[in-house]
Amino acid sequence: MFSFFKRKPKPEAQPTLPPQAEPAPQPLAAAADPVVTDIPAPADAAPQPAPVLAPEPVIPVETEEDIEIVAAPATAPEAKRSWLSRLKAGLSKTSSNLTTLFVGARIDDDLYDELESALLVSDAGVEATQWLLDELKKKVKAERLTEAAQVRTALRSLLIDLLQPLQRPLVLGREKPLVMMIAGVNGAGKTTTIGKLALHLQAHGQSVLLAAGDTFRAAAREQLAVWGERNNVAVIAQESGDPAAVAFDSVHSAQARGTHVVMIDTAGRLPTQLHLMDELKKIKRVIAKAMPSAPHEVLLVIDGNTGQNALAQVKAFDDALGLTGLVVTKLDGTAKGGILAAIAKTRPVPLYFIGVGEQIEDLQAFNATEFVDALLS
Ligand SMILES: Nc1nc2c(ncn2[C@@H]2O[C@H](COP(=O)(O)OP(=O)(O)O)[C@@H](O)[C@H]2O)c(=O)[nH]1
Ligand SMILES: [Mg+2]
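All of these numbers come straight from a predicted model, not from anything done at the bench.

Enquirer: I keep staring at the site of ligand 1 and nothing clicks. Help me out?
Expert: Surrounding ligand 1, one finds 16 residues, the nearest of these being G187, K190, T192, D332 and E358. One of the side-chain nitrogen or oxygen atoms of D332 is found 2.8 Å away from a nitrogen atom of ligand 1. About the coverage of ligand 1: the protein hides 78% of its 580 Å² of free accessible area. For the shell around ligand 1, the class distribution of residues is three nonpolar, nine polar and four charged.

Now the structure itself:
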């Protein structure tokens, strides 16, 4: 399930870097990776309908360029089942609210009112809720649906349509090093996510360097350092307390070592702490001084339990930094899940990964169909 896309190295791009042992070629995902079943048609082909019925959806790729699909470290079927069951358990309140209202119901205003309330309670927000209701009513009319169960199926496909644009793979190998900056509020799960990602990336043959950019708390530096030591991942840290300097050093160091991926951790901050938001912008600017095309990914990590405030976070961090991707964590807790619909409708930043626990396999690539099925099961 966990999958990245990795561009095949372009021959002319090679000589600029010191020679370094390349990882053994990865097998193309076929039987090995149950998820990636196909490379989608080129962008100019006729648009494909959302893969509603396919058991394993195709992951879209932006270009048809030479892309090597790197298979996930085979998530064992039991691990995958337990992962999905944790996602379902986390979303169970919303799913029971959303599904019971269809049981034995007639298709009338009461049904739509109840659905509206359930969506609002799930954190879907006014805009996405209104869109879903409008589209659902149109569909019911156009398809002459008469049974509540059919309306539920129609809702499922609308939700998948809404969330599908968030489903994007993280493309590896397009820069060396690929520099990723990770931001978010305190406790969102930034450091944990970096740790999980580092292990996944290593399993894909990628060398990883971490930068302890959370310089506010000595404990945060320690957390990353201990983690790095335990997992044999190099961590750049500094006593100086200047996160921009740590970020700068880490990119230089990765360039010197020929490392594939650098992940830069940052201290948690609220979007309302303007001086701290300015500091993030500075870190980003300084990274670009070390490598003009970097950072290549600016990720926001969001706690899935934050409700509508998560949307405010996405907007504020996106305005400040220009986000390239999101990670939503803690969907195993009491998260209501609807926030993804709100994000998709108002600020559709790609959602690369979702977290449903503290174990490494608990971070998985976001899949719209899987998520909607957990929400409506
Ligand atoms: N249940 C659960 N806990 C998580 C998840 N991701 C992170 N955590 C926990 O959230 C807490 C804060 O994580 P941390 O990475 O230190 O947050 P940071 O301040 O953003 O770096 C830790 O106790 C993590 O173990 C998740 O997906 N599910
Ligand atoms: Mg942290």
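Enquirer: Quick question: what am I supposed to make of the confidence of the model for the protein here?
Expert: Regions with low pLDDT carry predicted coordinates that are not meant to be interpreted in detail. Within the protein, residue pLDDT values average 82, and 80% of them lie at 70 or more. Confidence over residues 12-74 falls short of pLDDT 50; this stretch has 100 contacts with residues more than four positions distant or in other chains.

Enquirer: Which parts of the structure should I look at to understand the packing of aromatic side chains?
Expert: How two aromatic rings sit relative to each other is given by the distance of their centres and the angle of their planes. Here the structure, examined in full by the defined rule, presents two aromatic pairs. With a centroid separation of 6.2 Å and 50° between ring planes, the pair formed by Y352 and F353 is classed as tilted. Residue Y352 is classed as buried on the basis of its relative accessible area, which comes to 7%. Looking at K137, its charged tip hangs above the ring of Y112, at a distance of 5.0 Å from the centre.

Enquirer: Please clarify how helix α3 (residues 109-121) should be interpreted in this entry.
Expert: Given 3.6 residues per turn, any residue in an α-helix points the same way as the ones three and four places further on. Along its 13 residues, α3 runs 18 Å from first to last C-alpha, staying within 8% of the 18 Å computed at 1.5 Å per residue. When we look at burial in α3, the residues that qualify are L111, Y112, L115, A118 and L119. Projected onto a plane normal to the axis of α3, the buried residues spread over an arc of 125° and lie on a single side. Across α3 from its buried face, at more than 90 degrees, point the exposed residues D109 and D110. In this structure, the buried side of α3 is in contact with α2 (92-100), α4 (125-142) and α5 (148-163). Phi turns positive one or two residues past the end of α3, at D123, with a value near 80°.

What counts and what doesn't
- Numbering of residues begins from 1 in every chain and follows the order in which that chain's sequence is written.
- A letter from A marks each chain and a number from 1 marks each ligand, given out in the order of writing.
- Local features in this predicted model are restricted to residues whose pLDDT is 70 or higher, and side-chain atom pairs enter the listing and the counts only when it is 80 or higher, whereas totals over whole chains, interfaces and linings include all residues.
- By convention in this description, side-chain values take in all heavy atoms of the structure and omit both hydrogens and water.
- The nearness test applies per residue and asks whether one of its heavy atoms lies within 4 Å of the molecule or strand.
- Two N or O atoms count as a polar contact when they lie within 3.5 Å, although within protein this holds only if one can serve as hydrogen donor and the other as acceptor, and sequence-adjacent residues are included solely when both atoms are side-chain atoms.
- For accessible areas, the Shrake-Rupley method is used with a probe of radius 1.4 Å. Any residue's cover is judged against the shown protein chains and nothing else.
- Side-chain classes follow a simple rule in which Ala, Val, Leu, Ile, Met, Phe, Trp, Tyr, Cys and Pro form the nonpolar group, Asp, Glu, Lys and Arg form the charged group, and the remainder, Gly included, forms the polar group.
- By definition, pLDDT measures how confident the predictor is in each residue, and it falls between 0 and 100.
- Contact criterion: two residues are considered in contact whenever any of their non-hydrogen atoms come within 4.5 Å of each other.
- Centres within 6.5 Å make a pair out of two Phe, Tyr or Trp rings, where for Trp the six-membered ring is used; the pair is then stacked when the planes are under 30 degrees apart, edge-to-face when over 60, and tilted otherwise.
- Buried means the residue's accessible area, taken with a 1.4 Å probe over protein chains only, is under 20% of the maximum for its type, while exposed means over 50%, and partly exposed covers the values in between.
- Note on criteria: charge over ring means Lys NZ or Arg CZ within 6 Å of the ring centre, with the direction from the centre no more than 35 degrees off the ring normal.
- Secondary structure elements follow DSSP: runs of H or I no shorter than four residues count as helices, runs of E no shorter than two count as strands, and numbering proceeds from the N terminus.
- A helix is expected to span 1.5 Å for every residue after the first.
- The arc refers to the directions leading from the helix axis to the C-beta atoms.

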